[in-house]
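Below, each chain spelled out in residue letters.
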Amino acid sequence: MRYTTLRKKMVKNQLQARGITDPLVLNAMETVPRHLFVSEALADQAYGDFPLPIGERQTISQPIIVAEMTQALQLSKNDRVLEIGTGSGYQAAVLSKIVSRVYTIERIHSLLINARKLFDELHYFNIITKYSDGTCGWRDQSPFDAIIITAGAPKIPKIIVDQLADGGRMVMPVGSQHLQELILIQKDQNGISQTNLGGCRFVKLVGEHGWPNA
Ligand code: SAH
């Protein structure tokens, strides 16, 4: 009950107040119990306006970042979406409330196991998980209507852009290890276009087409 109230406040004061208007995004974030995606000790902070640690030196993004990235994907209910960087599973859960199917890849086994368990407990049966280096994408399941990378990369991995459907949208942080720009990539008959959505700060995308594991 208390968490329902905190969640409503988060949507109003952090998301709507900062220009999130997509009703699908607002509704999803009002529904998904974010406090279950962090450790019990941090549950009371889960609806705060900041990122939180999720173990393994990784973080769950600040609510507004999740909302901005999700809104940028311009989703509709029949879309199939690929996420790279499952982490806590929160972003995948938000996506699963909006679209028909979510494919999510994580390279740290313990994080993936925790997220998978939570998806099952919450009956989010339209989320399909994979333990792998996500920088290669998920070719067998491509093309995707939308792709979201929730870790920062030195450049846009072409191999992933190739897995976008015609009319597809992709959002990801690109830049140095400490500071990135959020880039929206759109694919149509004329090719690829890029829009810079502003500065952001993510953990590293580590893998063959990301940063080296050091
Ligand atoms: N979307 C997550 C945010 C997780 S932080 C959430 O909602 O909680 C970024 C995640 O990307 C980390 O868990 C990290 O392990 C993962 N990651 C980094 N490089 C990766 C790669 N090459 N493939 C898959 N996951 C990766």
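See the structure shown above.
**Student:** Could you clarify how one ought to interpret helix α3 (residues 63-72) in this entry?
**Tutor:** Of all ten residues in α3, eight are buried, a share of seventy percent or more. Those residues of α3 lying buried are Pro 63, Ile 64, Ile 65, Val 66, Ala 67, Met 69, Thr 70 and Ala 72. Positive backbone phi, at 45 degrees, marks Gln 74, one or two positions downstream of α3.

**Student:** Sorry, what's going on with the packing of helix α1 (residues 2-15) against helix α2 (residues 23-31) here?
**Tutor:** Describing two packed helices takes the angle between their axes plus the distance from one axis to the other. The interhelical angle for the contact between α1 and α2, taken along N-to-C directions, is 145 degrees, at an axis separation of 8 Å. Relative to α2, the crossing made by α1 is right-handed. Residues Arg 7, Lys 8, Met 10, Val 11 and Leu 15 of α1 pack against Leu 26, Met 29, Glu 30 and Thr 31 of α2.

**Student:** I tried to follow the pattern of salt bridges on my own but got confused; where do I start?
**Tutor:** Side-chain pairs of opposite charge can arise whenever the charged atoms involved come near each other. This structure, assessed with the given rule, holds six salt bridges. Here Arg 169 and Asp 79 are joined by a salt bridge, their closest N and O atoms 3.0 Å apart. Of the two residues, Arg 169 sits in strand β7 (residues 164-175) while Asp 79 sits in the loop between α3 and β3 (80-84), which places them 90 residues apart along the sequence. Taken as a pair, Arg 169 and Asp 79 share a single burial class, namely buried. For Asp 120, the salt bridge goes to Arg 116, with nearest N and O atoms at 2.9 Å. On the criterion of helical spacing, the pair formed by Asp 120 and Arg 116 is a turn pair, its members being four residues apart in helix α5 (residues 109-121). Looking at Asp 120, the relative accessible area reads 37%, which means it is partly exposed.

**Student:** Would you take a moment to explain the environment of His 35 for this structure?
**Tutor:** Take His 35: it is sitting in the loop between α2 and β1 (52-55). Judged by its relative accessible area of 13%, His 35 is buried. The spacing of His 35 and Tyr 3 is 32 residues in sequence and 7.7 Å in space, taken between C-alpha atoms. Each residue touching His 35, except ones within four places of it in the same chain, is listed here: Tyr 3, Arg 7, Ala 43, Ala 46 and Tyr 47. Of note is the side chain of His 35, whose polar atom sits 2.8 Å from the side chain of Tyr 47.

**Student:** Sorry, what's going on with the site of the ligand here?
**Tutor:** Around the ligand, a shell composed of 27 residues is seen, among which Ser 88, Glu 106, Asp 133, Gly 134 and Val 206 lie nearest. At 2.6 Å, a side-chain N or O of Ser 88 approaches an oxygen atom of the ligand. The backbone of Arg 107 places a nitrogen or oxygen atom 3.4 Å from a nitrogen atom of the ligand. Burial of the ligand by the protein chains amounts to 99% of its free accessible area of 580 Å². Taking a 2 Å distance to the grid points as the criterion, the majority of the atoms of the ligand fall inside the largest pocket. Contributions of two or more residues to the shell around the ligand are made by β2 (58-60), β3, α4 (90-96) and β4 (101-106). Across the shell around the ligand, the residue classes break down as ten nonpolar, twelve polar and five charged.

What counts, and at which threshold
Residues numbered from 1 in each chain as written. Predicted model: local features only at pLDDT ≥ 70, side-chain atom pairs only at ≥ 80, totals over all residues. Heavy atoms only, no water. Buried < 20%, exposed > 50% of the residue type's maximum accessible area, 1.4 Å probe, protein only. Helix = DSSP H or I, 4+ residues; strand = E, 2+ residues; numbered from the N terminus. Axes fitted to C-alpha atoms, helices over the stretch in contact; angles between N-to-C directions. Left-handed = near helix turned anticlockwise from the far one by under 90°. Contact = heavy atoms within 4.5 Å. Salt bridge = Lys/Arg side-chain N within 4 Å of Asp/Glu carboxyl O. Polar contact = N/O pair within 3.5 Å; in protein donor to acceptor, adjacent residues only side chain to side chain. Near = heavy atom within 4 Å. Areas by Shrake-Rupley, 256 points an atom, 1.4 Å probe, with all protein chains shown as cover. 1 Å grid on protein atoms, 1.4 Å probe; cavity = no way out; pocket = protein on both sides within 12 Å on 5 of 7 lines; lining within 4 Å. Sits in = over half its atoms within 2 Å of the grid points. Nonpolar A, V, L, I, M, F, W, Y, C, P; charged D, E, K, R; others polar.

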